[in-house]
Structures are given as C-alpha cells and as structure tokens.
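Fold and contact review
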Amino acid sequence: MSAVLSLKPSYYEALKRLTLELAGINLGQNHEFLIETRLSALARKEGYDSLLPMIEELFSSGQTRLAVHVVSALLERDTQFNHERESLDDILRTALPSLHRLFKGTTLRILSYGCSSGQEPYSIAMALEKNMDLFPGLKYQIVGVDYPSVALDRARSGRYTHFDVQRGLPIKDLITYFDRSAEDWVVKESLREKIEFKDFHLLSNLESLGEFHLVVFRNRLAQYSAPAQIRVLRELASVVRELGYLVLGRSEGVAKLNFGLDKIDGLAHVLCKREVVVEAPVDPTIKIPNGRTTFDGAKRRIKRARSELSEMRPTKENTQVDSKFASASAPKPPPPAPKSNAAPKPNPAQIPQPDPQHVRPNETAHTAGYVSAPIAPPRSPDALERPKVDLQAEPKPGAEKVATSVPARVTAPKTEPPRAPSQRRADKKAEEAAEIEALEFELETLFNFEDMSQRRQDRIKS
Amino acid sequence: MKTCLVVDDSKMIRRVAGRILKELSFETEEAGNGQEALDHCRSQMPDAILLDWNMPVMDGLNFLKTLRKEPRGKKPVVVFCTAERDISKITEALEAGADEYVMKPFDSDIIESKFFMAGLL
C-alpha cells in the first residue's frame, strides 16, 4: 500500500491529530488510503497539482479555512435513506405522539445533527409525511447541520444518484417524493422546503440554532473522543426544549450522565428532556392550607403557660411578700388595659378613664409579678391627681387587707366602702381571669409573630 | 432456505444476480424469458422472483400479470430488475403486482436493501 501513498507517515499522524482537535473525532488506524483518496479530490478542487503541496501548505501556513475543508472532507460519511429504520419507527411511536399532543398548533422544530448528505433529514420528513393521518395538522421544520462539505451541498440540492435512492428507499417513496432529473433523482420541492441545511462546526455552541422539539443524532457518538462525546451531548441537550426528545442510535445511550434527559419506554436511545418546574413566589400573607394553622404552635405554648400560671396561683403567704415588695418599690409603669370585657370594671370615680388616643390594642400588662393589676391606660395629669389616698383618715376594717391583695397603684381609695369577704373573693377571681386572658393575648401575639418570622426565614433559605 | 427464480434474458445478469442471492442465503433457479418462468412457477412456485422487464417470447410485465391471476398456490414476492427508469414504467410495474423495483445497474447492496424492504430478509 505504501507504494501508492504520497504522504509521509508523520503527515497522517498530524492529520489525525488535526481531526481530533477540530472535530473531536478519532479517525483510528489504517485510514491512510481513505485520507489519500478523499484529500486528493479536495486538492484538485482547491487548485493544487497534487495532495502533497496542499498538506505542506496546511501545516506551514496554518490556514483555518483549509484546515476546516480538510477535516470536513475526512469526515464525510456514506449514509443512506432510512438508515436504522427501527429508530425512526421509535420516533414515530414514542416521541411524535407526545410532541403532537403537547405542542398542538405549533411548528415542531427538528434538528438532524451531523446530517452529512441529507438522507437522514429527508427520511424523517418522508416518515412524517407518510404518517400525517396519525398526526393531523402536524407542522414541522427540519434543520440539518454538518461541517461545510460537498456532501452538505448535495443535501441542499436534494439530488441523488440512482444508487443512492435504491439503498434504503422503498420504490413507492421514490416515485412519491422524488422527480427524475436526467440520470439522477431530485427531492420534490414540497419536501425540500421543509428542510434547511446549515454549515456548522459540530463542536461549537449550538445556542444560535435555537431550541428544538426533537434532536436526532444517530450512530455518530462512537466516532468522538470521550471528552468530545460529553461536550456534544451537553450541547445537544441544551437545545432540546422542555419535554422535547433527543434520539440517538439504537446501540447508543447517555450512560451515567443524563444531561437532564430521561429514558422513554425503556429505550436507552430515546430521551425526553425533563420539565423544569419553577415555584411561584409565595405571598407571605397567605396561609398555606396544609391542615394546620399558624396558631397551632402558639396555642400549645399558651396552654402550657396557662397550666404553669395556674400552678402559681397566689397563696396568702406569697401575696403578702409580693405586696410588700410592690409597695416598697419605685413607681411602676401604669398597668395595661385588659383585653377582654370580662375584666372587672373599676369604679370610674376611683380610676381615671383612659384617653382613647393613648390606648393601643396590643398593650399588655407587665407580667413580672405573678399577680398584676388589670390593664389600664396611661392616666392624664388630671386623672393622676384624683385618686388620692387620705393617709390621715382612719383605716376601716378590711381596707388594709384589700391594700395588700393588689398592687399599691390600684389600691382602692380610703373612702371606698368596705366590701364583704365573698365580694372580695369574687373580685379577686375576676382579676385573675382577666390577667390570664391578657397574658394569653400577649403570648398569642408574640408567638404568632415568631411563627411568621420563622416561616419567612425558612422560605428565604429554601 | 428460501428459493428465488432469476428471470433475465442475459446469462451474465442471471449469473451475477445468482451469486449475490446465494450470499444472501437463497437457493436460485434461472429462466431466460417470461414463458419459461411461468412454466417453472406452475411446476414449483419459488419464494421470490427477480424479474427483468424486456425479454423475448414473454416480457416481465405480462408474466407478472399472468402470475398474479394464477388461481392457486402461494404468491411469490416479485422484485423487478430492469433498466426502465421512467416513473410511469415503475408505476405500471407496481400496479401489475410488483413488490419492489431495482433499476440497473445494481450492486449487492441494492439487491440486499430491496430484498430487505420486500420482507425477504
């Protein structure tokens, strides 16, 4: 064989490296004769006397255009119509029904990646046309891409020899979708106008091609080096739109890397792109109907606090100690107003009426002591003067006891008529009830706010 | 093993086609024109027939029309193999009952592909 080869062995190695670097495709061993044959034709086309001057100029000048043409010539494939008919049937059986249902009314975009001389995109188009009764109203547009080459020019023209049209193409399809032109056969205009062919470097970014409902890349994966395989699959997956399909050759698959694609019907070579579910931003003011309310936690804590409070009900001893402490301590802030109407209503003559402007609904009692007074609003200067305690007056029976049972600031005036013991007990119970209720309200407000705050933080984190 | 009758007035074509079909695991018989082929079919019907169009005595199209009218027996798969390339001729052959159509010149890939599409492989 070496007698008919015109290039030195080092040039073949250099050409193989060039093909690997530019296209990611490994030509393998014993391809010298193929390189010689294909590049000799290119050299004649480019105007060189023979192959050697072209190769010498390629490696001395490093022309990008010539390099691309050389690699394109080396990568031209011999394809045929309806190649691997079974995988085309898989498209018709799995991908097309789903796409037709999901994207009804829109034009399905189909990419034939590495289409060579165009038999694949034309075969897909013919398969779709023959099955139009299964997919009524189906509209489609096929884009075939490959390196710029003579093969791609042939694909654009749709012209095939009688050898080409007899490999894989049934005779009925030939007379339906082709016209005879001299010795060749040309794809009918009605079919050609649905297919667009583009020059494209197969390792470049595919974003400019847009998104496709179906990407077909069959039986070429094995040609690529391992890193190039990942790159090509990642690029192809990126142009498949959500719920669209990537179809590989029947013996191919994506192995462990799925690129956001799922196998369909147990077929490793038919892959569907997952739907990306984007959660709508949650309005924090809306309660989520999850079976429990936002108050559940607060209610539990209030119940616990209530039970603790009931255990701390005042006894005679601790009441006295506390009241001593209360009377000895500095002036305290005004007692908060009770939340509920159930609170005992003080005598308007004894306790000044609150100024409605100064009362806030959530204002609560100070809960440092185990017994606090009913909540009262801040008093006006006039009102503060009114409840005066006449220290000179003779204490009346029972007045001292009353004074010790409640904080000094709400001690009844000296002029108040003595109350019966039963009446005092009733008043005391009413005070406790009002206090518990005020505390409940305070806790509820506090914990509810905490719940909401916690939920908001969780949401931000997620 | 399936049987195939090669019908062509050219001995060279019969020999080349016979060799390709043997590689595809067919047992082959030969006939020089349509009448000979018809007699052969009446005595022993093959599984497939590779049929030329233009032949003396009885051409391929008349043979096919007569064969399809035969009342009994199995219906062989008929693959036309001819230099006729007009769409009108191809349509005529299909209407007469041909299952596939090979345009001469042919090679082993074409014969294999056409026999596959005709359901013989």
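What comes next is a walk through the structure. The structure displayed is predicted, hence computed values, not measured ones. (Residues numbered from 1 in each chain as written. Chains lettered and ligands numbered in written order. Predicted model: local features only at pLDDT ≥ 70, side-chain atom pairs only at ≥ 80, totals over all residues.)

Considering the nonpolar core
L214(A), V215(A), L236(A), L246(A), L50(B), L51(B) and F80(B) are the most contacted members of the largest nonpolar core, which totals 112 residues. Here this core gathers at least three residues from each of two domains, domain 1 (9–74) and domain 2 (85–273) of chain A. Residues contacting L50(B), with those up to four places away along its chain left out, are C4(B), V6(B), V7(B), A17(B), V79(B) and C81(B). (Core = buried A, V, L, I, M, F, W, Y, C linked by C-beta atoms within 7 Å. Buried ≥ 20, exposed ≤ 12 C-beta atoms within 10 Å, placed from the backbone. Domains from an automatic or database assignment. Contact = placed C-beta atoms within 7 Å.)

A few points about unusual backbone geometry
The peptide bond linking K104(B) to P105(B) adopts the cis configuration, its omega dihedral lying at 0 degrees. Its place among the elements puts P105(B) in the loop between β5 (100–103) and α5 (108–117). Even without being a glycine, S116(A) presents a positive backbone phi close to 55 degrees. Relative to the assigned elements, S116(A) resides in the loop between β1 (107–113) and α6 (119–130). At V57(B), a position not held by glycine, the phi torsion is positive, near 65 degrees. With respect to the element layout, V57(B) can be found in the loop between β3 (48–51) and α3 (60–69). (Helix = DSSP H or I, 4+ residues; strand = E, 2+ residues; numbered from the N terminus.)

Here we look at helix α2 (residues 34–43) of chain B
Residue and element names in this part refer to chain B. Those residues of α2 that sit buried are G34, A37, L38 and C41. With its buried residues spanning 100 degrees around the axis, α2 presents them on a single face. Exposed positions of α2 whose direction lies more than 90 degrees from the buried face are D39 and S43. Lining the buried residues of α2 we find β1 (2–7), β2 (26–31), β3 and α3. (Arc of directions from axis to C-beta.)

Section: the sheet that holds strand β4 (residues 178–181) of chain A
Residues and elements named next belong to chain A. The sheet built from 3 strands is open, its strands ordered β3-β5-β4 with antiparallel pairing. In the strand order of this sheet, the two ends are held by β3 (159–160) and β4, each with one partner. Examined bridge by bridge, β3 and strand β5 (residues 184–187) share 2 bridges and lie antiparallel to one another. Opposite R159, over in β5, you have V186 as the bridge partner. (Pairing = 2+ DSSP bridges.)

Describing the sheet that holds β2(B)
Strands pair in a sheet through their backbones, by hydrogen bonds, and they do so in one of two ways: parallel or antiparallel. All names here are of chain B. Spatial ordering of the open sheet is given by β2-β1-β3-β4-β5, a layout of 5 strands whose pairing is parallel. Pairing within the sheet leaves two strands with one partner each, and these edge strands are β2 and β5. Across this sheet, the average inter-strand angle for adjacent strands is 20 degrees, counted without regard to direction. Note that β1 and β2 share 6 bridges and pair parallel. By the bridge assignment for β2, V7 is matched with A31. (Axes fitted to C-alpha atoms, helices over the stretch in contact; angles between N-to-C directions.)

Brief notes about the pairing of β1(B)
Residue and element names in this part refer to chain B. As for the winding sense of the linkage, the β-α-β connection from β1 through helix α1 (residues 11–23) to β2 is right-handed. Sheet topology note: the β1/β3 ladder contains 4 bridges and is parallel. What sits directly across from V6, in β3, is L50. (Right-handed = clockwise from strand over helix to strand, strands pointing away.)

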